[in-house]
Amino acid sequence: CKVVDKAMKDYQSLSRIERVWFNSRAVIDATNNGGLISYYYNSGTENVYDAIEDIELLGKERIVEIIKEFNRIIFLELKVPTDIYERNKFIENLTENADDKLQDLESEISLLIDDLENQLNIFLTEEKILD
């Protein structure tokens, strides 16, 4: 709770370890509670490029590739908007073909997300944050 509060007040003040936890948890929790698409239409995505770096740090390249592909499909090769309403406009205008591609990626990431959570726990243990 302390890290979430800190991130909401001043995201830039997060330590590297806190940032890895915060961004990885945002992807994990969204994926487990509505699919990766829910990451995009809720808060958290403001930091998607940091999340990509943080998940790369954890060695989860396929998840990084899936997030990048989501970005390309939803935002048509444009930078992911930090504004939630702008992101939702893109999501509302997805084509059936784009939606089908996203569904395939959703199926794949759902099989990988527990591994990301396990790797995050290993990272936090190695950093002496968890026992």
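Since we're looking at a predicted model, the values are computed, not measured.

The rules we used
Residues numbered from 1 in each chain as written. Predicted model: local features only at pLDDT ≥ 70, side-chain atom pairs only at ≥ 80, totals over all residues. Heavy atoms only, no water. Helix = DSSP H or I, 4+ residues; strand = E, 2+ residues; numbered from the N terminus. Contact = heavy atoms within 4.5 Å. Buried < 20%, exposed > 50% of the residue type's maximum accessible area, 1.4 Å probe, protein only. Lys, Arg positive; Asp, Glu negative; His and termini not counted. Salt bridge = Lys/Arg side-chain N within 4 Å of Asp/Glu carboxyl O. Polar contact = N/O pair within 3.5 Å; in protein donor to acceptor, adjacent residues only side chain to side chain.

Some remarks on the environment of Thr82
Within the secondary structure, Thr82 sits in the loop between helix 5 (61-75) and helix 6 (84-92). Along the backbone, Thr82 and Gly44 are 38 residues apart, and their C-alpha atoms lie at a distance of 9.1 Å. Residues in contact with Thr82, not counting those within four places in the same chain, are Glu46 and Arg87.

Notes on unusual backbone geometry
Of note in this structure, Leu76 is not a glycine but carries a positive phi near 55 degrees. Its location among the elements puts Leu76 in the loop between helix 5 and helix 6. Assessed through its relative accessible area of 60%, Leu76 is described here as exposed.

Some points on the side chain of Glu106
Structurally, Glu106 can be placed in helix 7 (residues 96-126). It is Arg62 that comes nearest to the buried, bridge-free Glu106 among opposite-charge side chains, at 12 Å. In terms of polar contacts, Glu106 uses its side chain to reach the backbone amide nitrogen of Ile37, at 2.8 Å. Contact partners of Glu106, with chain neighbours within four places excluded, come to Gly35, Leu36, Ile37 and Phe70.

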